[in-house]
Amino acid sequence: MPGQPLLEVRDLSKRFAMRGGREPSPWIIQDLSFSVADGEFLTIIGPSGAGKTTLLNVIAQIDTASGGEVRYQSEVAPLGDAKALNPGLSCRIGYVTQEDNLLPWRTTIENVLFPLNVQRRLNPETRARAEMLIRTVGLAGFEHHYPHELSGGMRKRASLIRTLAYDPPIILMDEPFGALDAQTRLHLQEDLLRLWNLGRKTIVFVTHDIAEAIALGDRTLVLSRTPSRIAGEHVITIPRPRDIRGLMSHPEFGATYERIRAQVQ
Amino acid sequence: MTVHDSALDLPQGGPIKWRRHAVTAGRVALAVALVLAWKIGADVAGPLYIADPLKVLQRIVDDTLSGSLVRHTYVTLRLATIGFALGCLFGIALPFLLRRLPRLTNAVEPYIMASVGIPKYALVPLFILWFGIDDAPKLWLVGLLVFYPVFIAVFAGIRNVDRALINMARVVGASEATIAREVIWNSLLPFFFAALKIALPRAVSAAIIGEFLVGNEGLGYLIEHSRQNFDTTGVFEGIVVATALVLVINAVLVAVDRRYSAWRPTDRQMEL
């Protein structure tokens, strides 16, 4: 299934700036390299504090890198200078963050349409697509509610489809289901797989949950503790469409889980 | 946190409608008591010191019909409005400008904060010296008194904006202008409305004080001119109308605030 690499991370390094003449801060990421193929669902797993969010921030270009490069197709993004950053790479990289980051003064529908609005791409066709997404994740009837009137799971769904609605070629996801209860989490994972099956976007999904990484991904990368590097790579061959609830009993699941667990320190 | 309202301490389970009527009745009773105290005070102190409320009411009606009170009110309202608009304009624009120039901000911030301490009313003689005796010195006074609370609130509001929301907006392709209008402006609206609650009554007060000193029209002129002629009823007339003006402005502000804060859960939860 993997074709040409759509996104390539090469020798990426990151440390935060020194403050007031003190010792330089330690490396968060050092010489990290990997690539993502077009249409691939890549999951990245690592212990907490391994610089996973920092990595996604650098790829999304809302943070600078101290060394290395990120290539989109063959285009090299300038990462050294904060002023030269191009957050979201001209709307080609979507980013679903840990927090839902919904605009609290906007209703669900306004939040979902916000990217299309600012990109001046709101037309009957894109609006219909957004409304379809709202129905698909069960937010119908809550279009005109404000974020504080929604449950945590509903806010997550709104945040997820806000990014899907404007259809960027690559979507980064930073533990989007981390703070949810097990049941809601399972529902959202199923929603995500169903949505992914509709469009087969390229997804880079960061998590600290091994089962989630296996359940969702075509391939899983294991990050080491800081400074983070790639500690292992696992191709998940469990056929799709996958039944997340019955996944534990799949013969491949247990072995893959054990191999990954041995690498996650 | 809320002010304890005695009307709300009625036995639990009592009909809410009845409680609300009790609050209204209490308010009316308090108003009647205040007017009564005013009337008694006037009778005791004599008309030179405290004007009789009925005579003040009579005067307000007469001067409204003759048009002179309308003219005074219009002049003061116009002065307060233009001064308020200017103060708001600079109080909002300057923080947004400084946001783009962090080094300049660091350089000028201590000076701006120190200048908060200058008593603005003390500057009026200078304003008269510099800007003459037309509207200009009064506009400076009103403008400055509005500028500071608005500037400080907007400045603090901008610093308080959630960086994650700005990053989200950037990633989805929002321009800097869109971010300023949609994310930053909406985030700081609660700060801005808090500032307006101070700035709006101040604008009216500053206009009146400006009129004490310069000019021959406006509520401030009416109050001061009446005092010079030992016309205490005229003084009270001006005070009552000025107070009513501030109350009306505040009511409008509360209504506007409520409309723009509909998305916030806080207000309604605080009520009971």
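Just so it is clear, the model here is predicted, and its values are computed rather than measured.

With that settled, the discussion passes to the overall build of chain B. Summing up its helical and strand segments, chain B has 11 helices and zero strands in all. Ordering the α and β elements of chain B from the N terminus gives α-α-α-α-α-α-α-α-α-α-α. Taken over the C-alpha atoms alone, chain B extends approximately 70 × 65 × 30 Å along its principal axes. Here chain B, with 272 residues, has 30% of them falling under the buried criterion. Summarising the internal contacts of chain B: among those between residues at least 6 apart in sequence, 70% fall at separations of at least 24.

What follows covers the interface of chain A and chain B. The interface of chain A with chain B comprises 19 residues on the first partner and 13 residues on the second. Class assignment of the residues belonging to the side of chain A that touches chain B gives a composition of 13 nonpolar, five polar and one charged.

Time to look at the sheet that holds strand β4 (residues 67-72) of chain A. Residues and elements named next belong to chain A. The sheet built from four strands is open, its strands ordered β2-β1-β4-β5 with antiparallel pairing. Since the sheet does not close on itself, it has two edges, and those belong to β2 (27-37) and β5 (75-77), each with one partner. Each neighbouring strand pair of the sheet contributes to a mean axis angle of 20°, computed without reference to strand direction. Here strand β1 (residues 5-15) runs beside β4; their pairing, made up of five bridges, is antiparallel. Pairing of Glu-8 across the sheet is with Arg-71, part of β4.

Residues Ile-59, Ile-161 and Leu-172 of chain A together with Val-142, Val-146, Val-150 and Ala-203 of chain B are the most contacted members of the largest nonpolar core, which totals 117 residues. Considering every element that reaches this core, the biggest residue donor is helix α6 (residues 135-159) of chain B, with 14 residues. Excluding anything up to four places from it in sequence, Ile-59 of chain A contacts Val-9, Val-70, Ile-93 and Leu-172 of chain A.

Within the fold, Asn-160 of chain B resides in the loop between α6 and α7 (163-171). Placed 82 residues apart in sequence, Asn-160 of chain B and Arg-78 of chain B show a C-alpha to C-alpha distance of 34 Å.

A separate point is the pairing of strand β8 (residues 202-207) of chain A. Residue and element names in this part refer to chain A. Counting buried positions along β8 yields six of six residues, so the element is predominantly enclosed. Side chains of β8 alternate between two faces, with Thr-202, Val-204 and Val-206 and Ile-203, Phe-205 and Thr-207 buried alike. Where strand β3 (residues 41-45) meets β8, five bridges bridge the pair, whose relative direction is parallel. Residue pairing across strands places Thr-43 opposite Phe-205, the latter belonging to β8. Of the strand pairs in this sheet, strand β7 (residues 170-174) and β8 are connected by five bridges, and their pairing is parallel. Bridge pairing in β8 links Ile-171 to Ile-203. Each parallel crossover has a hand, and the one from β7 via helix α5 (residues 182-199) to β8 is right-handed.

Once that is clear, we can look at the confidence of the model for chain B. Predicted coordinates in areas of low pLDDT are best not read in detail. Residues and elements named next belong to chain B. Predicted confidence across chain B gives a mean pLDDT of 89, with 92% of residues reaching 70 or more. For chain B, per-element mean pLDDT is lowest for helix α11 (residues 266-270), which scores 50, and highest for α7, which scores 96. Confidence drops under pLDDT 50 across residues 1-10; counting only partners more than four residues distant or on other chains, this segment forms eight contacts. Scoring of the predicted complex yields 0.84 for pTM and 0.91 for ipTM.

We now examine the sheet that holds strand β6 (residues 93-96) of chain A. All names here are of chain A. A sheet is described by the order of its strands in space; here six strands give the open sequence β6-β7-β8-β3-β9-β10, paired in mixed fashion. This sheet does not close on itself; its edge strands, each paired only once, are β6 and β10 (230-235). Sheet twist, expressed as the mean angle between neighbouring strand axes with direction ignored, is 15°. Sheet contacts for helix α7 (residues 251-263): β3, β9 (219-223) and β10; angle to β10, the most-contacted strand, approximately 175°.

Our next topic: unusual backbone geometry. Residue and element names in this part refer to chain A. A cis amide bond, omega -10°, links Thr-226 with the succeeding residue Pro-227. Cis geometry is found at the peptide bond from Arg-240 to Pro-241, where omega equals -5°. By the secondary structure assignment, Pro-241 is in the loop between β10 and α7. Of note, the phi angle at Gln-73 is positive, near 50°, even though the residue is not glycine. On the basis of neighbour count, Gln-73 is assigned to the exposed category, with 12 C-beta atoms found within 10 Å. Even without being glycine, Glu-175 reaches a positive phi, approximately 40°. Topologically, Glu-175 is positioned in the loop between β7 and α5.

The next thing to look at is the packing of helix α2 (residues 108-118) of chain A against helix α3 (residues 124-136) of chain A. Residue and element names in this part refer to chain A. For the pair α2 and α3, the least separation of the axes is 10 Å and the interaxial angle reads 150°. In terms of axis orientation, α2 runs roughly antiparallel to α3. Helix-helix and strand crossings are classified by hand; for α2 and α3 the assignment is right-handed. Each of Val-112, Leu-113 and Leu-116 in α2 lies in contact with α3, whose residues at this interface are Thr-126, Arg-127, Ala-130 and Ile-134. The residue makeup of the contact of α2 with α3, split by class, is five nonpolar, one polar and one charged.

Below, the discussion takes up the environment of Arg-200 of chain A. Residues and elements named next belong to chain A. For Arg-200, the position within the fold is in the loop between α5 and β8. Look at Arg-200 and you get exposed, because 12 C-beta atoms sit within 10 Å. Taking the C-alpha atoms as reference, Arg-200 lies 25 Å from Val-118; in sequence the two are 82 residues apart.

Calculation criteria
- Residues numbered from 1 in each chain as written.
- Chains lettered and ligands numbered in written order.
- Predicted model: local features only at pLDDT ≥ 70, side-chain atom pairs only at ≥ 80, totals over all residues.
- Helix = DSSP H or I, 4+ residues; strand = E, 2+ residues; numbered from the N terminus.
- Buried ≥ 20, exposed ≤ 12 C-beta atoms within 10 Å, placed from the backbone.
- Contact = placed C-beta atoms within 7 Å.
- Nonpolar A, V, L, I, M, F, W, Y, C, P; charged D, E, K, R; others polar.
- Pairing = 2+ DSSP bridges.
- Axes fitted to C-alpha atoms, helices over the stretch in contact; angles between N-to-C directions.
- Core = buried A, V, L, I, M, F, W, Y, C linked by C-beta atoms within 7 Å.
- Right-handed = clockwise from strand over helix to strand, strands pointing away.
- pLDDT = per-residue confidence, 0-100.
- Parallel < 35°, antiparallel > 145°, perpendicular 65-115°, else oblique.
- Left-handed = near helix turned anticlockwise from the far one by under 90°.

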